[in-house]
Every structure is written in structure tokens, then in C-alpha cells.
Amino acid sequence: MLLAVAGSVVAHQEYLCEADRNIGDGDHGISMANGFEAAAKELESHEYSDVYQVFSTAGRTMIKVMGGASGIIFGLLFHAGAKNMPAKTEIEETEFAAIFEKALAEIQAKGQAKPGDKTLVDGLAPAVQAMKDSVARGAAFPEMLMAAWQAAEIGMEASKHFVARVGKAKTLGERSIGHPDAGCVSLALITRAMNDWAHHNFYTERH
């Protein structure tokens, strides 16, 4: 799944750069592509028996390669919720959702961002809630990931209406209104790739 995510991000490098040009310096796509490309190479070069190590390896590689705020934020998205977890060859929907719930908490703690500040949190918070709601009603992985993607898309759209209060874009003030946060755009792309992978592979593998 993470290799599929990496492939999608790399393929959409220019799309992410364009999203960043509106309220940033336009290099977000390059940074994201570099980070995910490195993560994919690292994952492909080893065999893993621990699901959490897969997530943690991807996140730590992104932090190391990307640097800067984006590297930390998106590295934590995969690393924060998987670090210090006991090794498991399989995880259930509840544990998957917990990875991103813990990541959200750590990302907010690092950046002091809250919903409405026009950051990744505007997409991640609703995506996490959607996963938790899916778990509560007993949904399987594909349904949970579709809910997460749809919530991330809604969060991305909502971010257009906010004034940036954190990061480089905050210097734009009211001029940041009308454009989505680039981090939210990336998250929508990531969750869509997860959803697509799950719907193409999950049932086939299980049945």
C-alpha cells in the first residue's frame, strides 16, 4: 500500500507544486516526491515481518531526506503512530486508525496547529475521525479508507476558506483565502491512493 502511495505522489509531483505555488514557494511537490521516492526505495530493499516497522521506516526516511517542515510533518504522519509499538505481522482496522490518530496528535503538538489554521490538520483531523467512525460501525479496511479519503477531500476543500495562521502562508493573510492548503492536497492524494490500493487488492488477497 505504501509503495502505491509513493508511486502516486511521485506521479503527481507537478500537481502538488502547482497547489503550493498559490500560497507557498512552489516546491512542495518536489519535496514530497523526493521523500516518497526515497521511502519506496528503502522499503523495497528490505523484507519486513512487522507492519509497524514498515510505517516507521517510511516516515523516518522521509524526515531524513525531505528536511524542513514538510519532511517532519509527513514523516510523522507515518512514523509517529508506529514508533515503539510491539511488532505485529498483521494489524486490524482499529490499529490502523490508531496509527493516524497518534500521528495527528504529535503533528499538532509539534506545530501547534488546530483545525481552521489552514494546515494538514484541516484534512487529517476529519480523516482520522472518519476512520474511527468506520471502526465503530465495524467497517472493513476498504470502506474505512474510502471514508478517510472522502473526509480528507472535504477537509481540503474547507481549507480554501481559511486564513493561513501557521507556516509560510500566514504572511499572506487574507490573500491565502480561496486556495487549499498544499498539505491537505497531499493528504487527499495519499488517502486516495490508499483507498484505490485497498479496493483493488484487499478482497482479492483475502478471498
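Starting from 1, residues in each chain are numbered consecutively following that chain's sequence as written. Reporting in this predicted model follows two pLDDT cut-offs: at least 70 for local features of residues, and 80 or more for side-chain atom pairs to be given and counted; totals over whole chains, interfaces and linings ignore these cut-offs and use all residues. The basis for every side-chain value is the complete set of heavy atoms in the structure, and neither hydrogens nor water enter the calculation.

Caption draft 1: Layout of helix α7 (residues 121-136). With 16 residues, α7 should cover 22 Å at 1.5 Å per step; its first-to-last C-alpha distance of 22 Å lies within 8% of that length. The buried label applies to any residue whose accessible area, calculated with a 1.4 Å probe on protein chains only, is under 20% of its type's maximum; exposed applies above 50%, and partly exposed to all values in between. The helix count covers DSSP runs of H or I at least four residues long, the strand count covers runs of E at least two residues long, and both are numbered beginning at the N terminus. Within the span of α7, buried status applies to V121, D122, G123, L124, A127, V128, A130, M131 and S134. At the exit of α7 stands G138, carrying a positive phi of roughly 80 degrees. In this analysis, the expected span of each helix is defined as 1.5 Å times one less than the number of residues it contains.

Caption draft 2: Quick peek at the nonpolar core. By nonpolar core we mean a set of buried residues, namely Ala, Val, Leu, Ile, Met, Phe, Trp, Tyr and Cys, connected to one another through side-chain atoms within 4.5 Å. By size, the foremost hydrophobic cluster in this structure holds 54 residues, and its most contacted members are F78, F96, F100 and I190. Broken down by element, this core gets its largest block of residues, ten residues, from helix α9 (residues 182-206). Note on contacts: a residue pair is in contact if any heavy atoms of the two residues lie within 4.5 Å. Contact partners of F100, with chain neighbours within four places excluded, come to F55, L77, F78, V128, M131 and M194.

Caption draft 3: Representation of the side chain of D122 within the structure. By the element assignment, D122 lies in helix α7. It turns out D122 is buried and unbridged, and the closest side chain with the opposite charge, K118, is 7.4 Å from it. Leaving out residues up to four positions away in the same chain, D122 has contacts with K114, P115, G116, D117, G155, S159, F162 and C184. Here the positive residues are Lys and Arg and the negative ones are Asp and Glu; neither His nor the chain ends is included. In the sections that follow, a salt bridge refers to a side-chain nitrogen of Lys or Arg positioned within 4 Å of a carboxyl oxygen of Asp or Glu.

Caption draft 4: Region of interest: the packing of helix α2 (residues 13-21) against helix α3 (residues 28-44). α3 packs onto α2 with a crossing angle of 140 degrees between their chain directions and a minimal axis gap of 6 Å. Here α3 runs oblique to α2, going by the angle between their axes. On α3, the residues that touch Q13, L16, C17 and D20 of α2 are H28, G29, I30, M32 and A33. Side-chain classes follow a simple rule in which Ala, Val, Leu, Ile, Met, Phe, Trp, Tyr, Cys and Pro form the nonpolar group, Asp, Glu, Lys and Arg form the charged group, and the remainder, Gly included, forms the polar group. Considered class by class, the residues forming the contact of α2 with α3 number five nonpolar, three polar and one charged. Convention adopted: a line fitted to C-alpha atoms gives each axis, helices being fitted over their contacting stretch, and angles between N-to-C directions are expressed from 0 to 180 degrees. Comment on the angle field: the value is read as roughly parallel under 35 degrees, roughly antiparallel over 145, roughly perpendicular from 65 to 115, and oblique elsewhere.

Caption draft 5: Up close: the environment of E93. Among the structural elements, E93 can be located in helix α6 (residues 93-111). You can call E93 buried: its relative accessible area is 16%. Separated by 43 residues in the primary sequence, E93 and A136 place their C-alpha atoms 9.9 Å from one another. If we ignore the near neighbours within four places in the chain, the residues touching E93 are V135, A139, A140, F141 and M144. Identification of polar contacts relies on pairs of N or O atoms within 3.5 Å, with a donor-acceptor requirement for protein atoms, meaning one able to donate a hydrogen and the other able to accept it, and with residues adjacent in sequence counted only if both atoms are side-chain atoms. At 3.2 Å, the side chain of E93 forms a polar contact with the backbone nitrogen of F141.

Caption draft 6: Molecular detail of empty space enclosed by the protein. In this analysis a 1.4 Å probe is tested at points of a 1 Å grid over the protein atoms alone, and where it fits but cannot get out there is a cavity; an open set with protein on both sides within 12 Å along at least five of seven lines is a pocket; lining residues have an atom within 4 Å of a point. Grid points are joined across faces, edges and corners, and a volume is the space filled by probe spheres set on the points. Counting across every chain of the model gives two cavities of 30 Å³ or more. Space inside the largest cavity adds up to approximately 60 Å³. Lining the largest cavity are L77, F96, F100, L124, A127, M131, L145, A148, L187, I190, T191 and M194. Those elements that place two or more of their residues in the lining of the largest cavity are α6, α7, α8 (141-159) and α9. Among the residues making up the lining of the largest cavity, the classes are represented as eleven nonpolar, one polar and no charged. Computed from the structure, the second largest cavity encloses a volume of approximately 40 Å³. If you trace the second largest cavity, you find it lined by L2, A6, F36, A39, A40, L43, A58 and F78. Contributing elements (two or more residues each) for the lining of the second largest cavity: α1 (2-11) and α3. With four residues, α3 is the largest single contributor of residues to the lining of the second largest cavity.

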